[in-house]
Amino acid sequence: MSNSFLNPVTTQTWANGRHIVRCVKVIQETWDVRTFCFMADQPILFFFKPGQFVTLELEIDGDPVMRSYTISSSPSVPYSFSVTIKRVPGGRVSNWLHDTLTEGQELAVHGPVGLFNAIDAPSPKVLYLSGGVGITPVMSMARWFYDTNANVDMVFIHSARSPKDIIYHRELEHMASRIDNFSLHLICEKHGLGEPWAGYRGYLNHKMLELMAPDFMEREVFCCGPTPYMSAVKRLLDANGFDMSRYHEESFGATPPEARADAVEQAEQAADAPELDLADLNQVEFTASGKSIRVGPAETVHAAAAKLGLLIPKACGMGICGTCKVLKLGGEVEMEHNGGITDEDVAEGYILSCCSVPKGDVRIEF
């Protein structure tokens, strides 16, 4: 058979890094939630693992700002990707995006990264638990399995403040009406005047969970939502003897209290620490800037750059988002990351500066 009718594929494939994209569509999901859709001017296949996130590089009032958001679309629609963002009262970034970002505008995006995804924890039976805008990563997973006709038994349980706050309401009901391996359950904390609601009310509890997913003990659980919601879910599952190795939750967002406490403790220790001997210091050289500095044995590459006035972009500070990736040209570091860098990047010499501590003199391309 002749293949003369086939055209060669010249489309590029997305890889973790910095990309310029254009906003091509803005969708009003609810009264305070919008979805922003992006494409590249030159066709790019935006492949990623459903559940992963990107970091937007923005400029707000002249200040550079980085903020991470889960990709809400599915890689089954590969030439674009979307993020769904809730307007937060007083939130500098979310309000700027809602008020300023329109179709046609360009911005830089970093990613995709993230350990919370549907590919690295495969299972024939899954339970999606979400609260509020935490629906975005599990929606990406559900869309992926729905679009690819995967033989995955899905139970989707979402909690919202009221019926008007249910994100993707119509799409979820459409999916549930089309396939028999997608079971949808919605819970509303309350409902206002003129808002008819015949579904579950209140907060997710053990009795509700047994009614919605009687076999929840046999399922892989993916959970995302406000911290109190995820804490309550973990307590509920743990109290029932659930195998918590099969529990997965989205981990980026606000700095965890324990991380803040560690930072305070480390700062106090640093203030009380004696002066270090020169022999105990490691030299960090930034080749592109022509600057270098000696740092203590526990200081990160990012801290070294900051002392020199060099701004390496950073969003999470915990090795999750991948924004602070730089190329190490020489020397050794100890890197304790949380999924923000791939094995391929590490093999090529890249590190995450926020969580990499020099184990001697190092040279960084920055």
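Residues numbered from 1 in each chain as written. Predicted model: local features only at pLDDT ≥ 70, side-chain atom pairs only at ≥ 80, totals over all residues. Heavy atoms only, no water.

## Quick word on the overall build of the protein
Consideration 1: Scanning the protein from N- to C-terminus turns up eight helices and 21 strands.
Consideration 2: Counting over 366 residues, the protein shows a buried share of 48%.
Consideration 3: By sequence separation, contacts in the protein at least 24 residues apart represent 68% of the contacts at least 6 residues apart. (Helix = DSSP H or I, 4+ residues; strand = E, 2+ residues; numbered from the N terminus. Buried < 20%, exposed > 50% of the residue type's maximum accessible area, 1.4 Å probe, protein only. Contact = heavy atoms within 4.5 Å.)

## Some words on the pairing of strand S13 (residues 220-224)
Consideration 1: With respect to burial, S13 is a largely interior element, five of its five residues being buried.
Consideration 2: Here strand S9 (residues 125-131) runs beside S13; their pairing, made up of five bridges, is parallel. Counted as the bridge partner of Leu127 is Val221 from S13.
Consideration 3: Pairing of S13 with strand S14 (residues 247-249) involves three bridges; the strand directions are parallel. Within S14, the position partnered with Val221 by the bridge is Tyr247.
Consideration 4: Handedness of the crossover joining S13 and S14 through helix H5 (residues 227-239): right-handed. (Pairing = 2+ DSSP bridges. Right-handed = clockwise from strand over helix to strand, strands pointing away.)

## Re the sheet that holds strand S19 (residues 350-352)
Consideration 1: As summarised here, the arrangement of the five strands in space is S16-S15-S21-S17-S19, forming an open sheet in which the pairing is mixed. The open sheet is flanked by strand S16 (291-295) and S19, the only strands paired with a single partner. If you compare each strand with its neighbour and ignore which way they point, the axes differ by 35° on average.
Consideration 2: Bridge analysis of strand S17 (residues 325-330) against strand S21 (residues 362-365) gives three bridges, and the strand direction is antiparallel. Note on S21: the bridge partner recorded for Leu327 is Glu365. (Axes fitted to C-alpha atoms, helices over the stretch in contact; angles between N-to-C directions.)

## Observations regarding unusual backbone geometry
Note: most residues except glycine have negative phi, and most peptide bonds are trans.
Consideration 1: Look at the link from Gly111 to Pro112: it is a cis peptide, with omega at 5°.
Consideration 2: Note that Pro112 resides in strand S8 (residues 106-113).
Consideration 3: Positive phi values are uncommon outside glycine, yet Tyr168 reaches one of about 60°.
Consideration 4: Locating Tyr168 in the fold gives a position in the loop between strand S10 (153-160) and helix H3 (169-178).

## Looking at the side chain of Ser74
Consideration 1: Locating Ser74 in the fold gives a position in the loop between strand S6 (63-70) and strand S7 (81-86).
Consideration 2: Residue Ser74 is classed as buried on the basis of its relative accessible area of 3%.
Consideration 3: For Ser74, the residues in contact, after removing those within four places along its chain, are Phe48, Ser140, Arg143, Trp144 and Asp147.

## Some points on a nonpolar patch on the surface
Consideration 1: On the surface, a nonpolar cluster with roughly 230 Å² of combined accessible area is contributed by Val24, Met39 and Tyr79.
Consideration 2: As for its position among the elements, Tyr79 is in the loop between S6 and S7.
Consideration 3: Residue Tyr79 is classed as partly exposed on the basis of its relative accessible area of 39%. (Patch = residues over 30% accessible without salt bridge, like charges linked within 9 Å, V, L, I, M, F, W, Y side chains within 5 Å. Areas by Shrake-Rupley, 256 points an atom, 1.4 Å probe, with all protein chains shown as cover. Salt bridge = Lys/Arg side-chain N within 4 Å of Asp/Glu carboxyl O.)

## Points about the confidence of the model for the protein
Consideration 1: Looking at the protein as a whole, its pLDDT mean stands at 88, while 89% of the residues score no less than 70.
Consideration 2: Here residues 253-274 is a poorly scored stretch, pLDDT under 50, and it has four contacts once near neighbours within four places are set aside; other chains count. (pLDDT = per-residue confidence, 0-100.)

## A look at the nonpolar core
Consideration 1: Counting residues in each nonpolar core, the largest one holds 28 residues, and the members touching the most others are Tyr128, Ile135, Met154, Phe156, Leu172, Phe182 and Phe222.
Consideration 2: Of all the secondary-structure elements, those providing two or more residues to this core are S9, helix H2 (135-147), S10, H3 and strand S11 (182-188).
Consideration 3: The dominant element in this core, judged by the number of residues it contributes, is H2, at six residues.
Consideration 4: Among all residues touching Phe156, those that are not within four sequence positions of it are Tyr128, Ser130, Ile135, Val138, Met139, Ala142, Leu172, Phe182, Ser183, Leu184 and His185.
Consideration 5: Counting residues in hydrophobic clusters, the runner-up holds 25 residues, among them Phe38, Ile44, Leu101 and Leu107. (Core = buried A, V, L, I, M, F, W, Y, C linked by side-chain atoms within 4.5 Å.)

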